[in-house]
Amino acid sequence: MKKNVLIAFAIVLLMCIAAYASLFVAPREQDGNIQRIFYLHAPSGMVALLSFFVCFVGNLGYVFTRKPKWDWLGVSAAEVGMAFCTVLILTGPIWAHPVWGIWWTWDAR
């Protein structure tokens, strides 16, 4: 149990360092600072997609084998996917507002 808490703490610490580095340490683009949000936004989307795929695999494994380990994998992956999907949804409008002039629009661009 103590090992899991230390691993979770290390992961949260590394994610915070990565977010800080992407927003404040990354070099400034010629047009401004708005591209920096993509260093956090795009990987969050990729990890969310990967997590939901792992959730799908875990759920298929549970349906076919009825072993609880597959169910635990699916639930755990869904929780991770929701966390990264939340970051994805929150960072999208942060980028959109300076670029499009509006926080959110349904217009396909």
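Model, not experiment: these values are computed from the prediction.

### Section: the overall build of the protein chain
- Within the protein chain, the regular secondary structure consists of 3 helices and 0 strands.
- Secondary structure elements of the protein chain, listed N to C terminal, follow the sequence α-α-α.
- Along the first, second and third principal axes, the C-alpha set of the protein chain runs to 55 × 40 × 15 Å.
- Counting the 109 residues in the protein chain, one finds 20% classified as buried.
- Considering only residue pairs separated by 6 or more positions, the protein chain has 45% of its internal contacts joining residues 24 or more positions apart.
- Between the mean site of the 8 positive side-chain charges and the mean site of the 5 negative ones, the protein chain shows a separation of 15 Å.

### Considerations on helix α2 (residues 38-65)
- Compared with the 40 Å implied by 1.5 Å per residue over 28 residues, the 40 Å span of α2 between its first and last C-alpha is a close match.
- Every buried residue of α2 is accounted for by His41, Ser44, Gly45, Ala48, Ser51, Cys55, Gly58 and Gly61.

### Description of the layout of surface pockets
- Roughly 170 Å³ of internal volume is contained in the largest pocket.
- Considering the residues around the largest pocket, the lining is formed by Met15, Ala18, Ala19, Tyr39, Leu40, Pro43, Ser44, Val47, Phe84 and Val87.
- Only α1 (2-25), α2 and α3 (68-100) provide two or more residues apiece to the lining of the largest pocket.
- Considering every element that reaches the lining of the largest pocket, the biggest residue donor is α2, with 5 residues.
- Across the lining of the largest pocket, the residue classes break down as 9 nonpolar, 1 polar and no charged.

### Comments concerning α3
- The first and last C-alpha atoms of α3 sit 47 Å apart over 33 residues, in line with the 48 Å expected at 1.5 Å per residue.
- Those residues of α3 lying buried are Gly74, Ala77, Gly81, Phe84, Thr91, Gly92, Pro93 and Ala96.
- Packing partners of the buried residues in α3 comprise α1 and α2.
- Where α3 terminates, the next one or two residues include glycine 101, which has phi positive at roughly 85°.

Parameters and conventions
- Residues numbered from 1 in each chain as written.
- Predicted model: local features only at pLDDT ≥ 70, side-chain atom pairs only at ≥ 80, totals over all residues.
- Heavy atoms only, no water.
- Helix = DSSP H or I, 4+ residues; strand = E, 2+ residues; numbered from the N terminus.
- Buried < 20%, exposed > 50% of the residue type's maximum accessible area, 1.4 Å probe, protein only.
- Contact = heavy atoms within 4.5 Å.
- Lys, Arg positive; Asp, Glu negative; His and termini not counted.
- Charge placed at Lys NZ, Arg CZ, Asp CG, Glu CD.
- Expected span 1.5 Å × (residues − 1).
- 1 Å grid on protein atoms, 1.4 Å probe; cavity = no way out; pocket = protein on both sides within 12 Å on 5 of 7 lines; lining within 4 Å.
- Points joined across faces, edges and corners; volume = space filled by probe spheres on them.
- Nonpolar A, V, L, I, M, F, W, Y, C, P; charged D, E, K, R; others polar.

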